[in-house]
Number of protein chains: 2
Amino acid sequence: MSSITLHPAAQDLLFREARTAHTFTSEPVTEEQVQAIYDLVKYAPTAYNQSPLRIALVRSAEARERLAQHMDEGNRPKISAAPLVAILAADNEFHEELPALLPHFPQAKDVVFADRPVREESALLNATLQAAYFILGVRAAGLAAGPMTGFDFPGVQKEFLDDDHTPLMVVNIGRPGAAAWHARSPRLAYDEVVTTV
Amino acid sequence: MSSITLHPAAQDLLFREARTAHTFTSEPVTEEQVQAIYDLVKYAPTAYNQSPLRIALVRSAEARERLAQHMDEGNRPKISAAPLVAILAADNEFHEELPALLPHFPQAKDVVFADRPVREESALLNATLQAAYFILGVRAAGLAAGPMTGFDFPGVQKEFLDDDHTPLMVVNIGRPGAAAWHARSPRLAYDEVVTTV
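K.L.:
What is the right way to read the interface of chain A and chain B from this model?
P.N.:
Reports often express the size of an interface as the amount of accessible area lost when the parts come together. Counting residues at the interface gives 73 residues for chain A, matched by 73 residues for chain B. Of the roughly 6600 Å² buried at the junction of chain A and chain B (both faces included), carbon and sulfur atoms supply 68%. Of all residues in chain A, Tyr43, Tyr190 and Val197 of chain A give up the largest surface area on contact with chain B, accounting jointly for 12% of the area buried on that side. For the interface between chain A and chain B, the tally reads 32 residue pairs in polar contact (both at pLDDT 80 or more). Those elements that provide at least two residues to the side of chain A that touches chain B are helix H1 (8-16), helix H2 (31-41), strand E1 (53-58), helix H5 (98-101), helix H7 (116-140), strand E4 (165-174), helix H9 (190-193) and strand E5 (194-196) of chain A. The element that contributes the greatest number of residues to the side of chain A that touches chain B is H7 of chain A, accounting for eleven residues. Per-class residue counts for the side of chain A that touches chain B are 45 nonpolar, 17 polar and eleven charged. Examined bridge by bridge, E1 of chain A and strand E5 (residues 194-196) of chain B share three bridges and lie parallel to one another. By the bridge assignment for E5 of chain B, alanine 56 of chain A is matched with threonine 195 of chain B.

The following block contains the structure:
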């Protein structure tokens, strides 16, 4: 019997056959699709349920052009061609929502997260976990994600966010187009990654 | 038509019904199960396919006891009761494997990742993404994960890792036991998380 409960078709959709896309068709990604993705991935776990991920959808041609100017040169054509581009960021002031998010320990806002450096470290870790959930959520919607970290982070923060929001990555979203990906690169063997103590 | 392609049972297994477990049954988690989880989640994306996540399985009673001593007091009983405990860490020397992992750009090792601070930042981001994939992979195996960041990070690093490996989190793994979780806490509404520019 397989050790994996998840249906093989779902394993393929999320992990085995899904790939980082570099080209996309022109089919739009609707607000309804993004909402469905969020309504799924919002349940995946974060520490203290702090849920620090924030998402800015770049939809207007004007905003798209401004974002492209902050991307590394090799990423600009992808930004221009993707049906939807999302800036994923960590909210360093997530503690303001904690009393609502953590009703059994509302004082966590002041007891655990009073200090900004503590919040920044925790927001970075937990928003990054949520970025991974989001990438898999995009795949769960039958779409391809193209996450990118090759851009001017302070530039994107200044242009689209504020001092309380730290950019993590930019994600192209859509249906894969022609020659959407390279051949699959190798992965590390189990024994290179997992040890027992 | 639903915007989500993933089968509803798979949505429940990974996101909607899955929960962070605080108690576990005594049913062991086998090496075969961990290998199956790894063989699935290894395909999820990282920048430059750098794959910096490393996993130390804490199996012996002696190692379990040593780990418990570095955990925050509230996490110690979980560490003792979980069938399997895994320390997830980022390999800051991941670039050594890049020529094998990225055959179409083997020089990335020296061109992009020659400097340790650049590697540390990239390893933290990408190993954290992989930690999220791993949590969902544990759920895909029909098991519950209990990720924890409440521990003495330098202590765990010194005791179980080395200067090149930064701990990210400790994860309890097993089948959920009695009263395994609190009531589900609220999540942020879509409009609190997603904006359009």
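Back to the text.
K.L.:
What exactly am I supposed to notice about the packing of helix H1 (residues 8-16) of chain B against helix H7 (residues 116-140) of chain B here?
P.N.:
The description of two packed helices rests on the angle between their axes and on the distance between the axes. Residues and elements named next belong to chain B. Direction vectors running N to C along H1 and H7 enclose 130°, while the axes themselves pass 9 Å from each other. Classified by the angle their axes make, H1 and H7 are oblique. Handedness of the H1/H7 crossing: right-handed. Contacts between H1 and H7 involve Leu13, Leu14 and Phe15 from the former and Leu136, Arg139 and Ala140 from the latter.

K.L.:
Help me out: how do you make sense of the packing of aromatic side chains in this one?
P.N.:
Two aromatic rings, taken as a pair, are described by how far apart their centres are and by the angle between their planes. On inspection of all chains with the given rule, the structure shows ten aromatic pairs over all chains. Taking 5.3 Å as the distance between ring centres and 85° as the angle between the ring planes, the aromatic pair formed by tyrosine 48 of chain A and phenylalanine 113 of chain A counts as edge-to-face. Note that tyrosine 48 of chain A is positioned in the loop between H2 and E1 and phenylalanine 113 of chain A in the loop between helix H6 (108-111) and H7, a separation of 65 residues in sequence. Tyrosine 48 of chain A gets classed as partly exposed once you look at its relative accessible area, which sits at 35%. Pairing phenylalanine 151 of chain B with phenylalanine 153 of chain B gives two aromatic rings, centres 4.0 Å apart and planes at 15°, and the pair type is stacked. By relative accessible area, which is 7% here, phenylalanine 151 of chain B ends up buried. These aromatic residues form a ring-pair network of at least three members: Tyr48, Phe94, Phe105 and Phe113 of chain A.

K.L.:
Just to check I follow, could you spell out helix H8 (residues 153-160) of chain A for this structure?
P.N.:
Think of an α-helix as 3.6 residues a turn; residues three or four steps apart then line up on the same face. Residues and elements named next belong to chain A. Of the positions making up H8, those classed as buried are Gly155, Val156, Gln157 and Phe160. As for H8, its buried residues are in contact with helix H3 (61-68), strand E2 (84-91) and E4. In this structure aspartate 152 caps H8, since a side-chain oxygen of it lies 3.2 Å from the backbone nitrogen of glycine 155.

K.L.:
It is not clear to me how the nonpolar core should be interpreted in this structure. Could you clarify?
P.N.:
Looking at soluble globular proteins, one finds that nonpolar side chains tend to be buried together. Ile55, Leu88 and Ile173 of chain A together with Ile55, Leu88 and Ile173 of chain B are the most contacted members of the largest nonpolar core, which has 96 residues in total. Judged by nonpolar contacts, the second largest core, of 21 residues, contains Ala56, Met71, Ala82 and Ala89 of chain B.

Quick notes on the rules
- Residues numbered from 1 in each chain as written.
- Chains lettered and ligands numbered in written order.
- Predicted model: local features only at pLDDT ≥ 70, side-chain atom pairs only at ≥ 80, totals over all residues.
- Heavy atoms only, no water.
- Contact = heavy atoms within 4.5 Å.
- Buried area = accessible area lost by both parts, 1.4 Å probe.
- Polar contact = N/O pair within 3.5 Å; in protein donor to acceptor, adjacent residues only side chain to side chain.
- Helix = DSSP H or I, 4+ residues; strand = E, 2+ residues; numbered from the N terminus.
- Nonpolar A, V, L, I, M, F, W, Y, C, P; charged D, E, K, R; others polar.
- Pairing = 2+ DSSP bridges.
- Axes fitted to C-alpha atoms, helices over the stretch in contact; angles between N-to-C directions.
- Parallel < 35°, antiparallel > 145°, perpendicular 65-115°, else oblique.
- Left-handed = near helix turned anticlockwise from the far one by under 90°.
- Phe/Tyr/Trp six-rings, centres within 6.5 Å; stacked < 30°, edge-to-face > 60°.
- Buried < 20%, exposed > 50% of the residue type's maximum accessible area, 1.4 Å probe, protein only.
- Core = buried A, V, L, I, M, F, W, Y, C linked by side-chain atoms within 4.5 Å.

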